[in-house]
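Listed below are the residues making up each chain.
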Amino acid sequence: MEKITLTLTNPQGLHARPASLLTKVVKDFKCDLHFYKNGIDTKKYQPKSILSVMSVGAAKGDQLTFVADGSDEKEAIKAIAEFIQSGCGE
């Protein structure tokens, strides 16, 4: 299992466009993926689902913790980290 916590830096947060881009980044990974916001791990979101990602309501400065478990977990976490750290495509 791989886990990483990242701070959302893009000014508009995870609105429709970056949410869609995130789902495209992770769609081909075979590992199980989920994430949660600001350390509240009782509410988990699925990054492969646009509806789930949009329901997060993540804003600039929020901490998102991504968890991957499976054969390509390291690659998935690396791709997610690059996406978030680059400003979510914005």
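Structural data are supplied above this passage.
Here is a short report on the structure shown in this document.

Within the secondary structure, Leu33 sits in strand β2 (residues 32-37). Taking the C-alpha atoms as reference points, Leu33 and Asp62, separated by 29 residues in sequence, lie 19 Å from one another.

This part is about helix α1 (residues 16-26). Residues of α1 that are buried: Pro18, Ala19, Leu22, Thr23 and Val26. On an axial view of α1, the arc spanned by its buried residues comes to 145 degrees, and they lie on one face. On its buried face, α1 sits against β2, α2 (50-55), β3 (63-69) and α3 (73-85).

Analysis parameters
- Residues numbered from 1 in each chain as written.
- Predicted model: local features only at pLDDT ≥ 70, side-chain atom pairs only at ≥ 80, totals over all residues.
- Heavy atoms only, no water.
- Helix = DSSP H or I, 4+ residues; strand = E, 2+ residues; numbered from the N terminus.
- Buried < 20%, exposed > 50% of the residue type's maximum accessible area, 1.4 Å probe, protein only.
- Arc of directions from axis to C-beta.
- Contact = heavy atoms within 4.5 Å.

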